[in-house]
Every structure is written in C-alpha cells, then in structure tokens.
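Observations on the three-dimensional arrangement
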Amino acid sequence: MRETFHAMLVLVAVLFFGAAEFCSGRNTSFSCIEGERESLLKFKLCFNDLSNMLSSWKGNDCCEWRGVGCDKNSGHVVSLQLRGSIYDQPQLYLIDDVEEVVSNLLKLRYLEHLDLSGNDVNSSLIPPSFGLMKQLRYLNLSSMNFKGRIPSELGNLTRLRVLDLVDYYGGALKVDDDIQWISHLSAVQKLGMSGVNLSHASSNLFQVFGMLSSLSWLSLSDCGLKNSHLTSHSHLLNLTFLENIQHLDISRNSFHGSIPIFLQNMTSLTFLDMSGVNLSLAPSNLFQVLGMLPSLSWLSLSDCSLKNSHLPSHSNPLNFTFLENIQHFDISHNSFHGPVPIFLQNMTSLTVLSLLYNQLSGSIPDSIKQLSKLESIDLSGNQLNGSIPDSIGQLSKLESMYLSGNQLSGSIPYSMGQLSKLESMDLSHNQLSGSIPDSIGQLSKLESMDLSLNKLSGSIPGSIGQLSKLESIYLYSNHLNGSIPDSISQLSKLESIYLFDNQLSGSILNSIGQLSKLGIIDLSHNQLSGSIPDSIGQLSELGSIYLNGNQLSGSIPDSIGQLSELRSIYLYDNQLNGSIPDSIGQLSKLEVIHLCCNQLSGSIPNSIGQLSNLRYLRFSSNKLNGVLPNSINKLSNLKALLVSHNSLEGVISEAHFANLFKLIVLDIGSNNLNCEMKYNWRPPLDLAYIYMGSCKFGTGFPEWLSLLKTISLIDLSNASISGPLPESIGYMLPKLQGLFLTDNLLNGSIPKSLCNSKYLLFLDLSKNMFFGSIPNCWKNDQSFNFIDLSSNNLSGLFPNTMWQFSSLYVLHLSNNSLHGELHVELKNLTSLMILDLGENKFSGNLASIVGGEIDNHGLKVLRLRGNLVSGYIPLELCSFSQLRILDLAENNLTGRIPHCFTNFSTMVNATSMDTVNNAIYSDQTYLMEVVKGRYLEYKRKTLALQISIDLSSNNLIGPIPEEVIFLKYLHSLNLSYNHLSGKIPEKIGQMENLESLDFSQNGLSGMIPNSMSSLTKLSHLNLSYNNLSGPIPTGYQLQTLEDPFIYIGNPQLCGAPLLKNCSNDALPPTTTNFKDNDDDALKRMWFYIIVMSGFAIGFWGVVGTLILVKSWRYAYFQWVDDVKHWILVVITLKVARFKKMFNGNLDD
C-alpha cells in the first residue's frame, strides 16, 4: 500500500512539474546533434557558395541554419532545402567529389526531405550511394548538371513520395533499357523525369509506370519518346494507374499520328501537356476525344502542327462539359487560319487563352466579353485586323493581355481603362493610330505597358503618372509628339522607359532624378532639345542611357560621374558642346561610351584610363584637340577605340597600346597625328580593323602589319607612306578584306600576291605612283566589291581576268596610261554600278564595248572620258535604265545621238530615283566630272545626287534629239565640241533641274527657245560658237547670266547681255493677230514716205555742205581720223582684257 502511495506521489510530482514547465512556455525541443552538425559543415566544404546561401552555417545549433530542418523532439536533421536557381547562375557549385557529398549526407540517418535542385555538380554522375538513403520521402535532384545513366539503385528508395530528376540541361541524363527499378518505387506519387533521355528505354516503359499504383503526377517532357513507347503493351496498362493520373506532361517528344488511346481511360486527368508533339495526322475528331476526359481543366496543344480540320465543327461538336471545365487552353504555334474559333465563346470557365502565332485573321469578336473569368489572353503573332472591340473592357478579371504582331488598326478603346486588374499589356507591332487614351491612367495595377511599333500620334497623356506600379514603358517607333509629361517623374517604381523613334520635342525633364529605380532610359531618335539635366546624376541604379539622335545642346553634366551602375551611354548625333567631364572616370562599371558626331571640344580627359571595364569607346567626329592621353593604355578590356575626325595632335606610339590586348578596332584617322611606332612593335594580335588615315608615318609600308594574321581591314590613306608595297603582302595578310592606301607616295608595281587574297573585297591604291601593268592573275573565286587603281602611272593592257568578278560594284581605273582595244564584258559584271575607265588610251568601237547581250541593268555610272573610243553610240546603251552619269567625252565617237535616252528612267521619272547603296557610294568612292566648265571631284553623297550626260569633244552629227527634253531630272548636259546641227529643242525649258548646259562649238542654228528662260536652276550656260540668231530670251534665270562669252561666236544673236541691240525685224513674231485692211496699208505707205524724205534731207544737208565748204571738209575728216585712232586704242585694250579674263576662266 505504501509502495502504491509513493508511486502515485512520484506521478503527481512529474505531472505537476511538467504542467508548470508547459505553462511557463519553456522550450523542450532538442538542439542540433553534434555529429550531424559536423557532417553538414563537411558538406558545405564540397561547394563554392556563389551567393552566400550557406553563410548562416556557423555556430553550434545547426537547426537554426538556413535550409536545415530538424525534428522538434529528437533534434535530428530531417530536411535539407537548398534549392538553387534553375534558370540563372547556380548558388552552389561543386568543387569536390560528388561521392563525398553523398557520404556526408548518409550520416544524416533521419533525413527524409532532400532538395538540392538548381545547383551545379559540374557534369558529375549521380552516385549509386543515393540508394542507401532509404529513409527519404522527398528527393529533388533536378537541374543539377548531372550526366550519364541514372543508377538503378534509386529503386531502393521505396519510401519516396516525390522523385524529381528533371534535367533542364537537356539529354545529359539517360535511362538504359533496364527500367524495372522504377517499378520498385511503390510509394511514389510524383515522378519528374522531363529532359531525361528515355529513347533507349524498353518499349514497356508505360507498363512499368503502370505498376506505380500511387502515382498521380508524371512529367516526361522532352525525353525522346517514340510511338513505340506509347502503343506497345498499352492494352496491359493497369487501370488503377490510368484512373489515378491527374497530371501528365508528355510534351516535346517524337510522337506522331493520333493521341495515345489510353488517354481515354484517364478519368481523373486534370492537366495534359502535349505541346510540341506532331499531331498533323491525328483524326479530325481530336478535340472530341479529348472532350471525353471529364476532369480535364488544363490543356496545351501548342506547336502540334494542327490545322483547321482538327477544330470542332457542327458535324463534330464539342462536349459541353468539356467546354465548361477547361480553364487553361493553349493551341498556340499551329496552322489555324480564318476567324477566331467560335466555340471559344462557350468556354466560360477559361482563365488562360493562348492562340499566339497562328494565321488567324478577321477581327477580334465582340463575344470575347463572355469569357468573364479570363485572366490572361494571348492572340499575338496572327493576322488579326480591325479595331480592338470596346467590349474588351468588360473582362474585369484580366491580368495580362497580349495582342502584339497583328494588323489591328483604329484607336485604343477608352474602355481599356476599366481593366482594373491588368498587370501586363502588349499591343505592340500593329497599326493602331490615334492618341493614347487618357483612361490609361486608371490601370492602377499595371506593371508593364507596350504600345511600340504602331502609328500612335498626339502627346503622351499626363494620366500616365497615375500608374504607380508601372515598371516598364514601351512606346517606341510611333508618331508621338509634344513634350514628355512631367507626371512621368511620379512613377517611383519605373525601371525601364523606351520612347525612341518618335517625334517628341521639348527638353528632358529636370525632375527625372526622382525615378530612383530607373535602370534603362531610351529617348533616342526624337527631336528633344535643351541640355541634359544635372539631376540625371541622381539615378543611382541607371545602367544604360540612350539619348542619341536628338538636338540636345549644352555640355555633358559633371553629375554623370555619380551614376555608379552605368554600363553604357549613347549621346551621339546631337549638338553637345563643351568638354568631356573629368568625372567620367568615376564610372567604374562603364562598358560602352558613344559620343560621336557632336561638337565636343577640349582634350580627352586623362581620367578615361580609370574605366577598367570599358569595351567600346567612340569620340569620333567632334572638335576634340590635344593629345591622345597615355592613360588609354590602361583600358585592358577595350575592344574598339574610335576617335577619328577630330583635331587631335601629337605623337602616337606603341606606348598607347601597350596593354590593349583585346583591341579589335582602332580608328584614329583624320586627325593631325604623327605615328611613330618602332619597326619591331608587336601590336595587339586580335586587331581586325585599322583606320589610321591622315596619321603621318613618313616611312615605308609598316612592317608590324605583317604580324596581324587575322586583320580584316587596313586604311592608311593619306599617311605619307612611300616606297613599294611588300611583294608578298597577299600572303602576309591572308584574312584581309579591305586595303585602302589612297593618296600616298607608294610606287613600284602592284604586287601579284594580291591575286591570292581570297577574302579581299575592297582594294583602293588610287592617287599614288604605281607603275607597270595591272596584274592579270585574278582568280574566279575572289569576290571583289570595290577596286580603285585610278590616278597612278599604270600602263599596259586591261587585265582580262578582271571581267570575272560578278560581285564587283565599283571599278575605277581612270587617269592612267592603260591602252589597247577594250572589250568590256559587262554581261559577266552583273553587280557593277560604277565603271570608270576615263583618262586612258583605250581604243575600240563603243558598240563592242557596251553592245551585245547585256544582262546588267544596274549600272549607274559609265565613264569613258578621254580615251580613243570610236564608232557610233549603240542603242544597247539605253538598256542601262538606272544610269545616272554618262560620260563619253573626249573620244572619237561619230554618228547621231540616239533617240532612246528616255530609257534612262532615273533621269526621267523621280519614282525611279532609287536610294543609292551606302556600300557603293562610300567614303572611298569619288569621281572627277567636268561640270559648269571645270573639273569637280564628287564624293559620297554629292556623287549619289549627281545626274549628268557629257558627250562633248567628239564627232557627233545631226540634230539634238527632241526626246532630250524628257530628261527633266538631269542636272548637267554637255554636248559641246561636236558637229551638231539643227535647232535647240523648243521645249528645253521642261528640263527643270538643269544646272549646267553646254552646247558650244557646234553648228546649231535658229533662235534660242524662249522656254530656256524657264530653267530657274541654271547657273552655267554656254551656247558660244554656233549659228544661233535672233534675240536672246529675257526673264527669270537668264537675266542673272550676264557673261557675254555665253553667246560669243553667234554673230546673228542680239539683245542683252550682248551690246548688239535687236532691230524691229529681228524681234520674234508676236502672238497678237492683226487685221490687214486698207487703212493700215495707207498708214504704212505715208510712214515710209515721211521716213525716206527725212533721210534725203538729212543726208544731202550734211554731204552737200561738206562738198561746197572746203574748210569744213578738212575739219570733218581730221575729226574722223582722230576718232578712228581712239577706237583702235579702246579695242586693243578691250581685247587684251577679254583675253586675260578668258585665260583665267580656262585656268579655273
């Protein structure tokens, strides 16, 4: 009895103290087990912790560490959740043996939950020892960069509920033919094997899965499965397995034909993803079969090669239950065409609808409002047209709307402002017009708005400032105008703003500094003016700034140096002035700086050398002066240095490039620099493009260039380089694509090794002193685009091997001493646009040069001036319809001018004036033309605009063709020094763009047409030495041409600016009609009688007196003699002055 009493007393005491402890809230859980803590620390040492995920793994209580879960009663580690990043950089990177990792995990004997997904084990094999962790219920090894065979020992983990081996690296993991181990996972409910290569697995794969009676979630996307894996043994599948599956992903496999027949028995299936499976051969009742799945709510058939024949129709209607159940419906990336399917309006439970990238046309149906539960709609990438229906505003639950890449027109409906839950809106790449509705400001939850690539106009509404959650604005490539609204500065969460390629004006907001989270701002290609606000320095998270292509002025603010996160800055094509701020050197993360084409002055700051991450620097086309700072050599990551077209001076030496090991582009040309590299300098070996034109070397061809085996382009134009080119240059520079050495002092012969430059596209050796013949060893596998050997001392015959360059655009050989009979094989030069063989001694018949079968109709310039070409002008010449410059002057051409010049469509019709390719009329392209009586050099844009015909100094005969008046876009016409006859075309005034006209030294007769006074652009005219007669027309432009030499040699001409006045008989016929009646005849008769009487009286009154009075006669003849001497003196002085003027004009 006493023992019973004592026992009861002890029990009461225990209960009392236990209750007291419970009521006091004292913690009774165990702390971390020391042995397990040590195992975790050893586990940590196996990895490089890239993101400090394990930084909390210190101290004694491992149960408090991040990712570690312990049993509250025993203190044993039961859970490790160390999920990394699947798509970004992994958080843990294996630096030890993966077996060591597992050996440490095995010491955690009570571990049930293990998640290491999204980390990187550096392509290790999955250790079989994982199979010893039999206590595991959850194992996630997905996206860990494992490779090789999945060990069958994983089949020992019979307690597993979840096994996730999804391989986002794609195909690195595989399963062999033996797959029976999978059937041992009897408790598994969720099995993820997407991305695992199962193509070699046994054909009874699904029968093995069918043995997993608890399985409800199966993911087999992108596993290389074939039809045999589905059809073989499908009749033996466990019915319980089929009924249990709720989630099935078999997308991105190699199935084809119809859908698997066993799907019909998956009565619990709610999720089915078959995207990327070829179902083009599936029967037309595809959707009816799927409609038999009573629980299905999530369906994706994206990219399945489906066509309209697969869609439900009146003959194949859909199950009404199916229509009501489906919540997620994705049939994107197929070949559906025609209007939006009508059955969609009955899918009233839809929350997600995706039809993107089909060929749907027609308008968005108004019935879309019936999908009242819709949260996301994607109709992008179709051919939908018409306007966006107002009813879209009734989709009150819509969170995302994507309608981009269609042909939608009209304005954005005002009702769009009713979508109060909308977070993302993309209407880009359509033809929407009108203004952005003010109601856009009501979308209080909007985070991303994309209205780019439309035709929207008007100003940006001020209500945009009400979108307090907005993070991204895309309004680029529209017609928006006006200023940027001040309210934008209220968008405190804004991270990116793209407004480029509009017509926005005004200045950049001073309040822009309030957008503290802004990472990217692109306002380029607008009409913004004013200065860059100093407040821009407050954008502490700004990574990229694009303000190029505006009209910004003023200096670059010094505050720009405060943008510590800035990686790229584009300010080119503005009117910025002042110096580059020294604070630019504080931008330690800067990678790109582009300040080209402004008016910046001063020197390049020495602080530029502090930009250790800089990859691209472009300061070209400014007014910078001073020297190139030596600190530039500290930019060890620099790949492109472009400072050309400035006024930099001083010496450039190898010291500037000492550490630029990554330099690819070097552009320091068009400055006042002296290049003094040592002969043994070793340049950066990655250099691919060198532009050092106008940099004075004063030496021979630089030897260090031979070290650049990967160089693609060399431009040493106007660099005072002398001597011969290395004979082996073609072998020294095997990758060379462009060689520009124009305007130097090079001599010797052109190296034959250039014929072996397989990749050479551009060759410019013009304006040097090369002599000898042009090599005739060119290969048919060379693909030249541009050859210029003009203005040298070359002689010999034309190299026939040059006629095989079908890709040649430009050929200049002018101003040499080449000779021989020319046979131009234009039919082979199918790409030729400029052919200049002028100022040589070529002979031959013009008909054989440009006649015959011609497939080339793209020739724009044909210049044979100053040769010995003979024969007539062939009609085949007129087949070059795009000809802009025709210069056949100073040859021996005979015959008449053809009447077919109206075929030159560029000279006739403005619509035919195509945009000249910049690659053809490049900086290196030039042409010498005689215009307005003097030689002019045309380059680049001026050459592209010039349209002229010059047939002067030949032996052409016959009249000027009347058809010439239709060449109304011709700028210059010169037919001088020929034997042309007949009249000047009466309607020559229709050639309204003529600036220069020369018909001198011919045999033209008749009157100068009155219409010539309509040539309002004419600034040079020469009609001298013809047989023209009558008065010179007056009015308009001709009144400004006062030089009498314009008309000299036409003795029958009269009127200003000639001193010869026109008599009444010389006046042109009047257009007024007179009636010849007797009264007029009588008046004329009396007029003649009175005139004759007056003449007789005046004549005899003077002559008779001189005969009768001797003293008067002597005085009169003395006066006549004095006048004669005076006139001779005046004439002599005038002639001397005219000769001086004439010779001066010729010299000009």
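So, a few notes on the structure that sits alongside this text. Everything numeric in this text was worked out from a predicted model, so none of it was measured.

1. Considering the pattern of salt bridges
In the structure shown here, the tally under the stated rule is 14 salt bridges. Between R149 and D176 there is a salt bridge, with its nearest N and O atoms 3.8 Å apart. On the criterion of sequence distance, the pair formed by R149 in strand β7 (residues 148–149) and D176 in the loop between β9 (173–174) and β10 (190–192) is long-range, its members being 27 residues apart. Residue R865 pairs with E890 through a salt bridge whose shortest N-O separation is 2.9 Å. Linking R865 in the loop between β53 (861–863) and β54 (868–872) with E890 in the loop between β55 (885–887) and β56 (892–896), this pair joins segments that are 25 residues apart in sequence. We classify R865 as buried; its relative accessible area is 1%.

2. Some points on the side chain of S496
Position of S496 relative to the elements: it lies in strand β27 (residues 496–498). A polar atom in the side chain of S496 sits 3.1 Å from the side chain of S472. Those residues in contact with S496, other than ones at most four positions away along the chain, are E471, S472, I473, Y474, L518 and I520.

3. Section: helix α2 (residues 34–45)
Under the 1.5 Å per step criterion, the end-to-end length of α2 is 17 Å for 12 residues, consistent within 8% with the ideal 16 Å. Buried residues of α2: E36, R37, S39, L40 and F43, and no others. Buried residues in α2, looked at end-on, bunch into an arc of 160 degrees, giving them a common side.

4. With respect to the pairing of strand β44 (residues 745–748)
With burial as the criterion, only one face of β44 is covered, namely that bearing L746 and G748; the residues L745 and N747 on the opposite face remain uncovered. Note that strand β42 (residues 722–724) and β44 share 3 bridges and pair parallel. Residue G723 lies in a different strand from β44, and its bridge partner there is L746. Pairing geometry for β44 and strand β46 (residues 769–772), over 2 bridges, is parallel. Along β46, the bridge assignment pairs N747 with M769.

5. Quick notes on the state of the cysteines
In the structure shown here, the tally under the stated rule is 7 disulfides. Note that C63 is cross-linked by a disulfide to C70, the S-S spacing being 2.1 Å. Here C63 and C70 share a disulfide; its torsion about the S-S bond, -95 degrees, makes the bridge left-handed. Neither C63 nor C70 differs from the other in exposure class; each is buried.

6. Digging into the pairing of β54
Because side chains alternate across β54, one face comprises the buried residues V869 and G871, and the other comprises L868, S870 and Y872, none of which is buried. Of the pairings in the sheet, the one linking strand β52 (residues 841–845) to β54 comprises 3 bridges and is parallel in character. Within β54, the position partnered with S843 by the bridge is L868. Summarising the sheet, β54 and β56 pair through 3 bridges and their orientation is parallel. Bridging across to β56, S870 finds its partner in N892.

Reading guide: rules and limits
What you see as residue numbers is a count from 1 along each chain, following the sequence as written. Given that this is a predicted model, residues contribute local features only at a pLDDT of at least 70 and side-chain atom pairs are listed and counted only at 80 or more, while totals for whole chains, interfaces and linings are drawn from all residues. Side-chain figures throughout are based on the complete set of non-hydrogen atoms in the structure, without hydrogens or water. Within this document, salt bridges are pairs made up of a side-chain nitrogen of Lys or Arg and a carboxyl oxygen of Asp or Glu, the two lying within 4 Å of each other. Note on conventions: DSSP H or I runs of at least 4 residues are helices, E runs of at least 2 residues are strands, and numbering of each starts at the N terminus. Categorising residues by exposure relies on relative accessible area from a 1.4 Å probe, with only protein chains included: less than 20% of the type maximum marks a residue as buried, more than 50% marks it as exposed, and the intermediate range marks it as partly exposed. We call two N or O atoms a polar contact when they sit within 3.5 Å, provided that within protein one can donate a hydrogen and the other can accept it, with sequence-adjacent residues counted only if both atoms are side-chain atoms. Throughout, a residue-residue contact means that at least one pair of heavy atoms, one from each residue, lies within 4.5 Å. Helix span is expected to be 1.5 Å times the residue number reduced by one. The arc under discussion is defined with respect to the helix axis, by the directions toward the C-beta atoms. Strands qualify as paired when DSSP identifies two bridges or more between them. In what follows, a disulfide is any cysteine sulfur pair within 2.5 Å.

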